[in-house]
Amino acid sequence: MSVNALSDLRASPGIIRVHGHRGARGVLPENTMLGFVQTFNAGVQIVELDVLVTADGEAVITHNPALKAASTRDESGEWLPEDGPLIAAVTYDELTRYDVGGLRPQTEYGDLYPDQAFLSGLHVPRLADLCALVARPPYTDRLLNIEIKSDPTLPQATPPIPDLVAATLSPILERGLSNRVILQSFDWRVLHECADQAPHIPRSYLSYLPRPNAPMTVTIYSGSPWMDGLRGENLPQIIAEDGGSVWSPYFQDLIARDVKVAHDLGLIVNVWTVNEPSNIDQMIALGVDGIISDYPARVQRRLMAHGFRWQ
Ligand code: MG
């Protein structure tokens, strides 16, 4: 079986790809091995995940620069009183003492995913653990959409970018998975470092456009530190000229014309994070290549309803 991230991520007639966001955050604890295994076993070919690096240089799969109080218990099963410690400040061994198998009830974050399974005894995995999983049957046709977390406005929260990238690449290269992964980041400095250290691995440019009262950090504007000096009006063109393979916009930022421009430039378009059925339908109609969702089964069902497959 020939597996290639770029061809397997591209839409083709009758096929749009499904990416399970952090595994399948809507129904399983996010960024955990159990979540990834069950998502794969449920027929999802591609999982999205987030990588940070510990004090002892281990790439680990977790989203926030510090452990999140709303989803983390300590060794005695008590919820963390507040966010912390920083992932960059603890060793991997220390990190394994924390349990990330469930969401704390009656918290803002915990209430976002009322259908998420509540489990105990799950730890922040190493990227090496997930690479080992997909290196062996029956997962040798699975792909990893790996987001490297870095914030140019919080440089002290993560290791220097060359170290962050090297630690992420290490298990990928060790397992020979270069053709089964893409590397994505909102921080395009990270993508430029990836281009230097591993030019053969495809890079995906995440973007979030300005809007009134933006609920997340806007990354695309003139002089933005997230864009690492790139400028211009036409985002797909900027990314294509910079050597990117994938553009990954927030789904509400996407218009039909940009999909065409991106496709004409040879880019793959993956939208995040699309959970509502009506929004999934809109993305199918726009003809994106991939839909990143906390509910990958929901995307599969909407694709089927429209006569599409995902593989
Ligand atoms: Mg992510």
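What you are looking at is a predicted structure, and each value in this text was computed from that prediction instead of being measured.

Any space left empty among the atoms is revealed by the rolling of a water-sized probe across them. One number sums up the size of the largest pocket: a volume of about 1200 Å³. Every residue lining the largest pocket is counted, 43 residues in all, and those nearest its centre are Arg22, His63, Lys149, Met216 and Trp272. If one sorts the elements of the lining of the largest pocket by residue count, strand 2 (residues 46-53) sits on top with 3 residues. A class-by-class count of the residues in the lining of the largest pocket yields 19 nonpolar, 13 polar and 11 charged. Here the second largest pocket defines a volume of roughly 290 Å³. What lines the second largest pocket is a set of 18 residues, among which Ile220, Gly232, Glu233, Asn234 and Leu235 lie closest to the centre.

It is characteristic of soluble globular proteins that their nonpolar side chains tend to be buried jointly. In this structure, Trp188, Trp247, Val271, Val288 and Ile291 are the most contacted members of the largest nonpolar core, which totals 35 residues. Within the residue set of this core, elements represented by two or more residues are helix 6 (188-197), strand 6 (203-207), helix 7 (235-241), helix 8 (256-264), strand 8 (268-271), helix 9 (277-286), strand 9 (290-293) and helix 10 (296-305). Each residue touching Ile291, except ones within four places of it in the same chain, is listed here: Ile16, Arg17, Val18, His19, Val271, Val274, Ile280, Met283, Ile284 and Val299. The next biggest cluster of nonpolar side chains, apart from the first, holds 30 residues, and it includes Leu130, Ala167, Leu177 and Ala198.

The protein atoms that coordinate the magnesium ion are Glu48 (OE), Asp50 (OD) and Glu147 (OE), at distances of 2.0 to 2.2 Å. For the magnesium ion, all donor residues lie on one chain, and their spacing in sequence is E-x1-D-x96-E. Pair check on accessibility: Glu48 and Asp50 agree, each one buried.

Once that is clear, we can look at the packing of helix 5 (residues 161-174) against helix 6. Look at helix 5 against helix 6: their axes get within 9 Å of each other, and the N-to-C directions meet at 60 degrees. As the angle between them shows, helix 5 and helix 6 are arranged oblique. Both helix 5 and helix 6 take part in a crossing whose hand is right-handed. Contacts between helix 5 and helix 6 involve Ile161, Pro162, Leu164, Val165, Ala166 and Leu169 from the former and Arg189, Val190, Glu193, Cys194 and Gln197 from the latter.

So, about the pairing of strand 8. Of the two faces of strand 8, the one carrying Ile268 and Asn270 and the one carrying Val269 and Val271 are both buried. The sheet contact formed by strand 7 (residues 246-249) and strand 8 spans 2 bridges and is parallel. When the bridges of strand 8 are listed, Val246 appears paired with Ile268. Once you follow strand 7 into helix 8 and on to strand 8, the crossover reads as right-handed. Note: strand 8 against strand 9, 2 bridges, orientation parallel. Within the sheet, the bridge partner assigned to Asn270 lies in strand 9 and is Gly290. Since strand 8 and strand 9 lie parallel, the crossover through helix 9 that links them has a hand, and here it is right-handed.

Conventions we followed
- Residues numbered from 1 in each chain as written.
- Predicted model: local features only at pLDDT ≥ 70, side-chain atom pairs only at ≥ 80, totals over all residues.
- Heavy atoms only, no water.
- 1 Å grid on protein atoms, 1.4 Å probe; cavity = no way out; pocket = protein on both sides within 12 Å on 5 of 7 lines; lining within 4 Å.
- Points joined across faces, edges and corners; volume = space filled by probe spheres on them.
- Helix = DSSP H or I, 4+ residues; strand = E, 2+ residues; numbered from the N terminus.
- Nonpolar A, V, L, I, M, F, W, Y, C, P; charged D, E, K, R; others polar.
- Core = buried A, V, L, I, M, F, W, Y, C linked by side-chain atoms within 4.5 Å.
- Buried < 20%, exposed > 50% of the residue type's maximum accessible area, 1.4 Å probe, protein only.
- Contact = heavy atoms within 4.5 Å.
- Donors = N, O, S within 2.8 Å, 3.2 Å for Na, K, Ca; no water.
- Axes fitted to C-alpha atoms, helices over the stretch in contact; angles between N-to-C directions.
- Parallel < 35°, antiparallel > 145°, perpendicular 65-115°, else oblique.
- Left-handed = near helix turned anticlockwise from the far one by under 90°.
- Pairing = 2+ DSSP bridges.
- Right-handed = clockwise from strand over helix to strand, strands pointing away.

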